[in-house]
Amino acid sequence: MLHDEGADLSDLKKHESFRWFISVDGQVVGTVSLKNISHSMSYGEIGYGTSESHQGKGITTAAVEVLIEKIFTESTLRRLLAYVHEENHASRRVLEKLGFQEEGILREHYLINGTPVNEVLYGLLKREWVNGAR
């Protein structure tokens, strides 16, 4: 999977997805990613995850903030999306702290262990980020 992913955003069409690692004291503790890029509409979906031992310390928020800044300064994307399980309050807070707006509930959008669950769709526009909405 990592072989097919990129890290250089100068040519978004070179890869279908991009991934970076979150490192603390030389140890990889998570990842951030950009995927599901729509070249015709200039948007992409972000994803992120941090090991349980490093959650609740602001690491995820800081990493996602760096990711957003990188995407909006190094690519032509104008909009970012994120999907979060309805009950994942910590992940939702990360997005809200960074200026993402809740745009709707996707009913039974995702399956977890075969059980349909609702997800919340969040969005952030480049012009909102640039204008200091973070």
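Throughout what follows, the structure given in this document is the object of discussion. For every chain, the first residue of its written sequence is number 1, and the numbers climb from 1 along that sequence. pLDDT decides what is reported in this predicted model: residues at 70 or higher carry local features, side-chain atom pairs at 80 or more are listed and counted, and totals for whole chains, interfaces and linings draw on all residues regardless. As a rule here, side-chain values cover all heavy atoms of the structure and leave hydrogens and water aside.

1. Focus: the sheet that holds strand β3 (residues 43-50)
Pairing in this open sheet of 6 strands is mixed, and the strands run β1-β2-β3-β4-β6-β5 from one edge to the other. In the strand order of this sheet, the two ends are held by β1 (18-24) and β5 (101-112), each with one partner. Each strand axis lies, on average, 30 degrees off the axis of its neighbour in the sheet, ignoring direction. Here, strands pair whenever DSSP counts at least two bridges between them. Strands are runs of DSSP state E lasting at least two residues, helices are runs of H or I lasting at least four, and both sets are numbered from the N terminus onward. Where β3 meets strand β4 (residues 79-85), 3 bridges bridge the pair, whose relative direction is parallel. Looking across to β4, one finds that Y43 is bridged to R79. Note on definitions: angles span 0 to 180 degrees between N-to-C directions of axes, and those axes are lines fitted to C-alpha atoms, for helices only across the stretch in contact.

2. Observations concerning the layout of surface pockets
Over the atoms a probe the size of a water molecule is rolled, and this reveals where empty space is left. In this structure, the largest pocket encloses a volume near 700 Å³. Counting residues per element, the lining of the largest pocket draws most heavily on β3, at 6 residues. Residue type decides the class: Asp, Glu, Lys and Arg count as charged, Ala, Val, Leu, Ile, Met, Phe, Trp, Tyr, Cys and Pro as nonpolar, and the leftover types, Gly among them, as polar. Of the residues belonging to the lining of the largest pocket, the class tally is 11 nonpolar, 11 polar and 6 charged. Grid points spaced at 1 Å over the protein atoms alone were grouped into cavities, where a 1.4 Å probe fits but cannot get out, and pockets, open sets with protein on both sides within 12 Å along at least five of seven lines, with lining residues defined by an atom within 4 Å of a point. Grid points are joined across faces, edges and corners, and a volume is the space filled by probe spheres set on the points.

3. Brief notes about helix α2 (residues 89-97)
All buried positions along α2 are accounted for by S91, R92, V94 and L95. Viewed end-on, α2 has its buried residues packed into an arc of 155 degrees, placing them on one side of the element. Two residues form a contact once any of their heavy atoms are found within 4.5 Å. Taken together, the buried residues of α2 touch β3, α1 (59-74), β4, β5 and β6 (115-125). A positive backbone phi angle near 95 degrees is found at G99, which sits one or two residues after α2. Exposure is judged per residue with a 1.4 Å probe applied to protein chains only, and the accessible area is read against the type maximum: over 50% gives exposed, under 20% gives buried, and values in between give partly exposed. This arc corresponds to the set of directions leading from the helix axis out to the C-beta atoms.

4. As for unusual backbone geometry
Phi at N36 is positive, roughly 50 degrees, even though this residue is not glycine. Counting through the fold element by element, N36 comes out in strand β2 (residues 27-38). Backbone geometry places S42, a non-glycine residue, at a positive phi of 60 degrees. By the element assignment, S42 lies in the loop between β2 and β3.

5. Brief notes about the side chain of S91
Topologically, S91 is positioned in helix α2. Residue S91 is classed as buried on the basis of its relative accessible area of 11%. The contacts of S91, once residues within four sequence positions are left out, are Y48 and V84.

6. Here we look at the environment of K97
In this structure, K97 sits in helix α2. What makes K97 exposed here is its relative accessible area of 51%. Between the C-alpha atoms of K97 and K35, which are 62 residues apart in sequence, the distance is 21 Å.

7. A closer look at the pattern of salt bridges
What makes a salt bridge here is a side-chain nitrogen of Lys or Arg within 4 Å of a carboxyl oxygen of Asp or Glu, nothing more. Applying the stated criterion across every chain yields a total of 3 salt bridges. Between E74 and K70 there is a salt bridge, with the nearest N and O atoms lying 2.9 Å from each other. A residue pair is termed a helical-turn pair when its members lie 3 or 4 positions apart in one helix, as E74 and K70 do in helix α1 at 4 residues. Judged by relative accessible area, which is 23%, K70 ranks as partly exposed. For E102, the salt bridge is made with R92, and the minimal N-O distance between the two is 3.0 Å.

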